[in-house]
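# Examination of the molecular architecture
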Amino acid sequence: MAAAGAEAAAVAAEEEKRLPEGDPESGGDSEDEGDSDSSGDGEDEEKENEAEIQRLEEQLSINAFDYNCHLDLIKLLRQEGELVKLRRARQKMSELFPLTEEIWLDWLKDEIKMASESSEREKVYELFERAVKDYICPEIWLEYAQYSIGGIGQEGGIEKVRSIFERALTAVGLHVTKGTALWEAYREFENAILETAQPAPGSVPSPEQQQMLCSQLEKIHTLFRRQLGIPLLDMEASYAEYEEWSEDPIPETIIKNYKKALQQLEKCKPYEEALLGAETPKLAEYQAYIDFEMKAGDPARIQLIYERALAENCLVPDLWARYNQYLDRQLKVKELVLSAHDRAVRNCPWTVGLWIRYLLAMERHRVDHSIISEMFEKALNAGFIQATDYVEIWQAYLDYLRRRVDFTQDSSKELEELRSAFARAVEYLKQEVEERFSESGDPSCTIMQNWARVEARLCNNMQKARELWDNIMTKGNAKYANMWLEYYNLERAHGDTQHCRKALHRAVQCTSDYPEHVCEVLLTLERIEGTLEDWDAAVQKTENRLARVNEQRAKAAEKEAALAKQEEEKAEQRKQARAEKKASKKAKKNRVGDKRKADDDDEGEWGQEEEAEQPSKRHKGDGDGIHLEEDMEVETGLYGRSGPEKPDRPGNQKEKASTSRKDIPKVLHDSSKDNVTVFVSNLSYTMADPEVKLKELFESCGEVAEIRPVFSNKGTFRGYCYVEFKEEKSALQALGLDRKVVEGRPMFVSPCVDKNKNPDFKVFRYSTTLEKHKLFISGLPFSCTKEELEDVCKAHGDVKDIRLVTNRAGKPKGLAYVEYENEAQASQAVLKMDGLTVKEHVIKVAISNPPLRKLPDKPEAGRASQFAVPRQVYGARGKGRTQLSMMPRALQRQSTPVAKAENGMVQNSPATSSEPPEEPKKMSNADFAKMLLKK
């Protein structure tokens, strides 16, 4: 009787669901005679949709991992009613990505409408089973349970519905805000069965019917009591309903459990309210809730809150990692653990740590070897964003294969597979990874080192280990002492003394970073195990090597000192040459009679201006090959330096007179106050009263002792100055004003450092490494503002900072850096924004990973002297036509030929030998003039 009543209700509900939306029969014939124009528009729209569907399908054939393309295709196919293609498109997407709750519900409702036969209902059941595995969603479980009610007329239908309800309660019955709906639906189902089991009015129930009624009443009592022991919203209403429904008084134990659940609900309410009031993704609020549940220690509740957090933060790798770690260490249920790991790598396939944990979990739960190998191959195709990620996943897989080998046997299938995997890993990093990233990710050859250790320690195959280490050394590692000592320790443990001695002798010869340490190890070996002849040979070899090293270091220091001195002398010569040139020009004008006495003062002023600006216009043809310091450093003593003083010459008397008339003091800097001073540059030349303006600006950082702006000989502000504070902490705080816009230009604020003592010092405040939570955007229109860009970016996550890149004048360059809260939001923004059109400009968006900054070559011992000479500095218009080299060809330094290789070793060329290069004879300007006059 119960089955018959429930079946009738289910059939009616099923018939109602089968009527598809937009069925022509439900709409009547009122729309059959539409006008021809609307019909034509509909055809045009249909053709456009078909073309768009074809385009999306082609795009997915090229890149199957385009998430947005999948969504657009499914939306169009559903709109066009292409049911076969729609089902196929959803199937493909579900194989690549976990689907969201909305996508699953749309899919399930479409399939439910089309399912009429029992075989089709089974397919819908299978689809529900897949849906509840992606995420724990109360709505999907409720839909699943309600759909199963339609099949209670089949054999075992009622028990199947109860089974689904029980699974749903296990999964989401503890959900504080949404769990009540499932409990109520379950009770309504049991109440419906109770109604059908009631005997007809006036009839006496049989013993079987009476027993069935009692059993059904007990089921409903049990559901009420179970629900009242769980902290859920609106518990009071459920308790009142139970009091009204039950004919007997509620037992004291149930009341006690109810009150305990109420107390627990009060503790949970602040966290639930925080979630309701927070904006997506609510990561911080969920983390606080997780910490609360972790302290309480209820595994079911901990699992549920993690699942709730992941449903809204499915692209946060750290959250998945913490959840999987909890499951691995606490619950240890195979199906639950492996399912969570699988969902983690499907949501965040770019995170190598999740793949490594998945492989370990599969090994821990004794998963078949073929499945683990297949999962590893998927990891290799996941598209990691760093070369080192591939090294890590290979190492994890090789560790797994090594643990499978029984090394007590001389040979086995597992051992051969391990060796084959090692060889494949080395080749993969060399070919695939190096081709993609321009580096193997394993410069120190850690995989080959581990392979050598396995061969030496576990397989007793020292010969193979030596071959591997020989290969490692040929990859540029022979110059590092730690690599040789690693090989030596392996030989020491599993090889013999002869090979140890041979390795150390080679190390002494090749090591360039710490040769003293290698020499000490060699002497220690011979002191313990060597003969007198071995000791003498080691002492002689180490002494010769260290003598050569010390000699090279001394000559390198001398060469650097000579180059520094040569730079100073040439800078002095250039100043003298300019002064003589000006003097000769004035003398020539005086002879011709073109110069008037009234113009003398003006000439002196213009001459000084030219002299002041000349260093910044030094060109390549000057013949000296030495890079001048920036104008401001040479002329005013930037970072504690002052330019060399000019000797007094008759030709410079007018210039000095002009300078004295100007009466502009030289700006000097006391290097002992570097710690309380900052250097400010890139200011506007037209800034009025820079001392007053900058004092107002920097007083917010602390008490300002002095501001020293730098002026030209004409008295105009040169755009930079020194700001000295009373306290060091004020100077440090002032660095925070770097890049602040002042009068339309970004102001540069940097520490005051003496570049004579720190020639490599350079301040760059931004990171030059990979930042997964930051985006680099190019192709922006120059008119795009920070606020406009923020409006575009905040739709994909919480934007922490936006930096528009500008030139020194403060003009935009069409580039920007956007920092998000986490790497998940940044990754999602890349997918959504790359190729987006902003003000008719197509922008490019990528994870911020700046290229390595190229540093200028420094003169080193053993390098050719021509490489130690910096490039010439050109002016704004490049090299002038009349800028000739004044060095005669006979005196120009000849380039040295490349030395030939002998016995596989490149011999030192004259330029790289330990002998210092012979300096050309120094000549005065008069000597050069005589040479030119003789020609």
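Here the structure is shown first, and the text comes after it.
Let us look at the structure shown here. If you're wondering where the values come from, they're calculated on a predicted model, not measured in any experiment.

The rules we used
Residues numbered from 1 in each chain as written. Predicted model: local features only at pLDDT ≥ 70, side-chain atom pairs only at ≥ 80, totals over all residues. Heavy atoms only, no water. Helix = DSSP H or I, 4+ residues; strand = E, 2+ residues; numbered from the N terminus. Buried < 20%, exposed > 50% of the residue type's maximum accessible area, 1.4 Å probe, protein only. Contact = heavy atoms within 4.5 Å. Pairing = 2+ DSSP bridges. Axes fitted to C-alpha atoms, helices over the stretch in contact; angles between N-to-C directions. Parallel < 35°, antiparallel > 145°, perpendicular 65-115°, else oblique. Left-handed = near helix turned anticlockwise from the far one by under 90°. Nonpolar A, V, L, I, M, F, W, Y, C, P; charged D, E, K, R; others polar. Phe/Tyr/Trp six-rings, centres within 6.5 Å; stacked < 30°, edge-to-face > 60°. Lys NZ or Arg CZ within 6 Å of the ring centre and 35° of its normal. Patch = residues over 30% accessible without salt bridge, like charges linked within 9 Å, V, L, I, M, F, W, Y side chains within 5 Å. Areas by Shrake-Rupley, 256 points an atom, 1.4 Å probe, with all protein chains shown as cover. Salt bridge = Lys/Arg side-chain N within 4 Å of Asp/Glu carboxyl O. Lys, Arg positive; Asp, Glu negative; His and termini not counted. Charge placed at Lys NZ, Arg CZ, Asp CG, Glu CD. Polar contact = N/O pair within 3.5 Å; in protein donor to acceptor, adjacent residues only side chain to side chain.

When helices and strands are tallied, the protein shows 35 helices and 13 strands. Taking all 935 residues of the protein together, 40% fall into the buried category. Nonlocal contacts in the protein, meaning residues at least 24 apart in sequence, comprise 64% of its contacts between residues at least 6 apart.

Right, let's get into the pairing of strand S1 (residues 677-681). Here S1 lies mainly inside the structure; five of its five residues are buried. Burial of the side chains of S1 extends over both faces: Thr-677, Phe-679 and Ser-681 are buried on one face and Val-678 and Val-680 on the other. Inspection of the sheet shows S1 paired to strand S5 (residues 745-751) by four bridges, in the antiparallel sense. Looking at S5, one finds that Val-678 is bridged to Pro-751.

As a packed pair, helix H17 (residues 334-347) and helix H18 (residues 352-364) sit with axes 9 Å apart at the nearest point and diverge in direction by 155 degrees. It follows from the interaxial angle that H17 and H18 lie roughly antiparallel. Here H17 runs over H18; the crossing is left-handed. On H18, the residues that touch Val-337, Leu-338, His-341, Asp-342, Ala-344 and Val-345 of H17 are Leu-354, Trp-355, Arg-357, Tyr-358, Ala-361 and Met-362. Grouping the amino acids of the contact of H17 with H18 by side-chain chemistry returns nine nonpolar, one polar and two charged.

This part covers unusual backbone geometry. In this model, Thr-280 is joined to Pro-281 through a cis peptide bond whose omega is 15 degrees. Relative to the assigned elements, Pro-281 resides in the loop between helix H13 (252-277) and helix H14 (283-296). Here the phi dihedral of Asp-234 falls at roughly 60 degrees; this positive angle occurs in a residue that is not glycine. Assignment of secondary structure puts Asp-234 in the loop between helix H11 (207-228) and helix H12 (235-245). Classification of Asp-234 by relative accessible area gives exposed; the value is 55%. With a phi close to 65 degrees, Glu-840 is a non-glycine residue in the positive phi region. By secondary structure assignment, the location of Glu-840 is in the loop between strand S9 (837-838) and strand S10 (841-842). Note on Glu-840: relative accessible area 77%, which makes it exposed.

Next up on the list: the packing of aromatic side chains. Per the counting criterion, the structure on display carries 31 aromatic pairs. Measuring from centroid to centroid gives 5.7 Å for Trp-469 and Tyr-487, while their planes differ by 25 degrees, and the two rings are stacked. Residue Trp-469 is located in helix H23 (residues 462-477), and its partner Tyr-487 is located in helix H24 (residues 481-494); the two are separated by 18 residues in the primary sequence. Trp-469 sits in the buried class, given a relative accessible area of 2%. Relative accessible area serves as the criterion here: at 9%, Tyr-487 is assigned to the buried category. An aromatic cluster of three or more residues is present, and its members are Phe-376, Phe-384, Tyr-390, Trp-394, Tyr-397, Tyr-400, Tyr-428 and Phe-437. Here the basic side chain of Arg-121 rests over the ring of Tyr-147, its NZ or CZ set 4.3 Å away from the ring centre.

On to the environment of Val-433. Along the polypeptide, Val-433 turns up in helix H21 (residues 413-437). Judged by relative accessible area, which is 2%, Val-433 ranks as buried. On a C-alpha basis, the gap between Val-433 and Val-391 in space is 9.3 Å, while along the polypeptide they are 42 residues apart. In contact with Val-433, not counting residues within four places along its chain, are Ala-387, Tyr-390, Tyr-428, Ser-438, Glu-439 and Ser-440.

Turning next to a negative patch on the surface. Among the surface-exposed residues, Glu-43, Asp-44, Glu-45, Glu-46, Glu-48, Glu-50 and Glu-82 lie close enough to one another that they form a single negatively charged patch. In this fold, Glu-82 is placed in the loop between helix H4 (67-80) and helix H5 (83-96).

Note on placement: Thr-497 falls in helix H25 (residues 497-510). A relative accessible area of 27% places Thr-497 in the partly exposed class. When near neighbours in sequence (up to four residues on either side) are disregarded, Thr-497 contacts Leu-525 and Glu-529. Looking at Thr-497, its side chain comes within polar contact range of the side chain of Glu-529, at 2.8 Å.

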